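Listed below, chain by chain, are the residues.
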Amino acid sequence: RYEPAWRSLDARPLPAWFDEAKLGVFIHWGVFSVPSFGSEWFWWYWQKEKREPYVKFMEANYPPGFSYEDFGPLFTAEFFDPNQWADILKASGAKYVVLTSKHHEGFTLWGSKYSWNWNAVDVGPKRDLVAELAASVRNRTDLHFGLYHSLFEWFNPLFLEDAANVFKTRKFPTSKSLPELYEIVTKYHPEIIWSDGNGNAPDTYWNSTGFLAWLYNDSPVRDSVVTNDRWGVGSICTHGGFYTCSDRYNPGHLLPHKWENCMTIDRRSWGYRRDAQLSDYLTIEDLVKQLVETVSCGGNLLMNIGPTHDGRIAVIFEERLRQMGAWLEVNGGAIYGTKPWRAQNDSVTQEVWYTFSPKEGTVNAIFLNWPVSGTLELGEPQAKLGETQVKLAGYKELLKWVALGEKGLVIALPQLTPKQLPCQWGWTLQLTAIN
């Protein structure tokens, strides 16, 4: 049994499915999807920081005295079709999904008995959005279902009172935050608890270690659940299951501990923005590059979309997800279930990243630029004459290659028209019998 102490909790092995999955989809959805302006931090920027664009937006578009709470009934979700969402998630090639069950605004997407009249069953959609998405994901896909949960809430009076007492009192975690965590685990059996928002309070204030000990010892998901590292001041990148370290974390080198790069397709926001420009969205080339770099360095990629207040996944997000799925159809063997190789990227040719497939004993060299010369030089692999074979994923014939001294080889790529290429945006060379 795990003790409610970091030394004990950190010794828990991460369930194997998470490292094998490699790709997840993050979904930021909540009352902030109603103004859908600027950022999911809308309430904070408008009311607390009084940032000019937010203040002006409200003055121009809403009556005087309109409060953030008044957005609640406008969060309607009338087009929310959980089956359609599940089908898009499946088509993306992702192996897990993480939904914001509650963001820093405190609004819960399930009918929490600890969030009276500020939840999706009492206000707005009048539906249990968590239950509906969980059911569709489990019925229609093989994705693991996970939930994001914010520990703190910007404007909750109990939290503000505790903060004013320098967290010597613990009214908010005992009456709101912790009961909600126990509630979502027992009710929805999430296989990821993605914690966030420490409110500048230590993990002792949140009783994070007590909750995690229960989660790992006695909860209905104790054997399969994975957690992140955001459990109070000082825990990030140090304690918990996998490390996130910071948003959009992509170190570019191998890390000794399992980590995740959580990032957004809209580079400026996690929630949906009506004011986004096309150039604000990452291209599929950008996303494939992020995935390949992340996986080669031992990480998982958690790619975020923000649905609309009425429950739609905007077509640009759907397109990016389906493009990623199409790329993985061809190159998934170099991503799923792989381990980092001894070299993460190539020493001679730029934009070449390596992974290792342990079952097949294959080294995968993923190259993001198709060379004009028709030959690709790799500086890292040590090939063996008469033994090493080189294949292009999605192409039938073996490729010809020449060794370069001790280490390295030059590979002749097939001459293909754009239509004949097995895929776009990046290609995989599968090398067998490599030293």
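Residues numbered from 1 in each chain as written. Predicted model: local features only at pLDDT ≥ 70, side-chain atom pairs only at ≥ 80, totals over all residues. Heavy atoms only, no water.

Let us now look at the sheet that holds strand E13 (residues 401-403). Overall, antiparallel pairing links the 3 strands, which are arranged E10-E14-E13 in an open sheet. Since the sheet does not close on itself, it has two edges, and those belong to strand E10 (375-378) and E13, each with one partner. Strand after strand, the sheet turns through a mean of 15° between neighbouring axes, direction not considered. Where E13 lies against strand E14 (residues 409-412), 3 bridges are found, and the strand directions are antiparallel. Its bridge partner lying in E14, Ala403 is registered against Leu409. (Pairing = 2+ DSSP bridges. Helix = DSSP H or I, 4+ residues; strand = E, 2+ residues; numbered from the N terminus. Axes fitted to C-alpha atoms, helices over the stretch in contact; angles between N-to-C directions.)

What follows covers the pattern of salt bridges. Pairing is possible between side chains of opposite charge, provided their charged atoms come close. Applying the stated criterion across every chain yields a total of 26 salt bridges. The partner of Arg127 in a salt bridge is Glu132, and the shortest N-O contact between them spans 2.7 Å. In this structure, Glu318 and Arg322 form a salt bridge, with 2.8 Å as the shortest nitrogen-oxygen distance. With Glu318 and Arg322 both in helix H12 (residues 315-331) and 4 residues apart, the pair spans about one turn of that helix. For Glu318, a relative accessible area of 18% puts it in the buried group. Since its relative accessible area comes to 38%, Arg322 is described here as partly exposed. Here the salt bridges do not stand alone but share partners, grouping Asp19, Lys22, Lys258 and Lys339 into one network. (Salt bridge = Lys/Arg side-chain N within 4 Å of Asp/Glu carboxyl O. Buried < 20%, exposed > 50% of the residue type's maximum accessible area, 1.4 Å probe, protein only.)

Sheet strands associate in pairs through backbone hydrogen bonding, adopting either a parallel or an antiparallel arrangement. Strand order in this open sheet of 5 strands is E8-E9-E15-E11-E12, and the pairing throughout is antiparallel. Both outer strands of the open sheet, strand E8 (352-357) and strand E12 (398-399), are each paired with one neighbouring strand and no more. Taken together, the 6 bridges between E8 and strand E9 (residues 362-367) define a ladder with antiparallel strand orientation. From the neighbouring strand, Phe356 faces E9, where its bridge partner is Val363.

Two elements in contact, helix H8 (residues 171-188) and helix H10 (residues 208-217), have axes separated by 11 Å at closest approach and are oriented at 15°. Judged by the inter-axis angle, H8 sits roughly parallel to H10. By crossing handedness, the relation of H8 to H10 is classed as right-handed. Residues Leu178, Leu181, Tyr182, Val185 and Thr186 of H8 form the contact with H10, whose own contacting residues are Gly210, Phe211, Trp214 and Leu215. Residues belonging to the contact of H8 with H10 are distributed by class as follows: 7 nonpolar, 2 polar and no charged. (Parallel < 35°, antiparallel > 145°, perpendicular 65-115°, else oblique. Left-handed = near helix turned anticlockwise from the far one by under 90°. Contact = heavy atoms within 4.5 Å. Nonpolar A, V, L, I, M, F, W, Y, C, P; charged D, E, K, R; others polar.)

Another point: the side chain of Asn331. With respect to the secondary-structure elements, Asn331 resides in helix H12. You can call Asn331 buried: its relative accessible area is 1%.

Moving on: the packing of aromatic side chains. Under the definition given, this model contains 54 aromatic pairs. Aromatic side chains Phe75 and Phe107 sit 5.8 Å apart centroid to centroid with 90° between the ring planes, which places their arrangement in the edge-to-face category. One end of the pair, Phe75, is in the loop between helix H4 (52-61) and helix H5 (82-91); the other, Phe107, is in the loop between strand E2 (96-102) and helix H6 (129-140), with 32 residues separating them in the sequence. Taking relative accessible area as the criterion, Phe75 reaches 0% and is therefore assigned buried. Ring centres of Phe159 and Trp206 lie 6.1 Å apart, and the angle between their planes is 10°; this geometry places the pair in the stacked category. Highlighted residues: Phe159 in helix H7 (residues 157-164) and Trp206 in helix H9 (residues 203-206), separated in sequence by 47 residues. For the pair shown, Phe159 and Trp206 are each scored as buried. If you follow Arg51 out to its NZ or CZ, it ends over the ring of Tyr45, 3.6 Å from the centre. (Phe/Tyr/Trp six-rings, centres within 6.5 Å; stacked < 30°, edge-to-face > 60°. Lys NZ or Arg CZ within 6 Å of the ring centre and 35° of its normal.)

Next up on the list: the domain arrangement of the protein chain. Under the domain assignment, the protein chain is made up of domain 1 (6-334) and domain 2 (339-432). Summarising the inter-unit geometry, the C-alpha centres of domain 1 and domain 2 are found 37 Å apart. At the boundary of domain 1 with domain 2, total buried surface from both sides reaches about 1,700 Å², with 67% on carbon and sulfur atoms. Put simply, Lys289 and Glu351 hold a salt bridge, and the shortest N to O gap is 3.5 Å. Counting the contacts that link domain 1 with domain 2 gives 6 residue pairs in polar contact (both at pLDDT 80 or more). Of all the secondary-structure elements, those providing two or more residues to the side of domain 1 that touches domain 2 are helix H11 (284-296) and H12. (Domains from an automatic or database assignment. Buried area = accessible area lost by both parts, 1.4 Å probe. Polar contact = N/O pair within 3.5 Å; in protein donor to acceptor, adjacent residues only side chain to side chain.)

Among the 5 residues that make up strand E4 (residues 192-196), 5 are buried, leaving the element largely enclosed by the rest of the structure. Along E4, one buried face is formed by Ile192, Trp194 and Asp196 and the opposite face, lined by Ile193 and Ser195, is buried too. Relative to E4, strand E3 (residues 144-150) runs parallel, the two being bridged by 5 bridges. Its bridge partner being in E4, Gly146 is matched across the sheet by Ile192. Direction of pairing for E4 relative to strand E5 (residues 226-227): parallel, over a ladder of 2 bridges. Counted as the bridge partner of Ile192 is Val226 from E5.

The terminal C-alpha atoms of H11, which comprises 13 residues, lie 18 Å apart, in line with the 18 Å expected from a rise of 1.5 Å per residue. Burial in H11 covers these residues: Ile284, Leu287, Val288, Leu291, Val292, Glu293, Thr294, Val295 and Ser296. In this structure, the buried side of H11 is in contact with strand E1 (23-27), strand E6 (259-264), strand E7 (299-305), H12, E8 and E9. Immediately beyond the C-terminal end of H11, within one or two residues, lies Gly298, with a positive phi of roughly 90°. (Expected span 1.5 Å × (residues − 1).)

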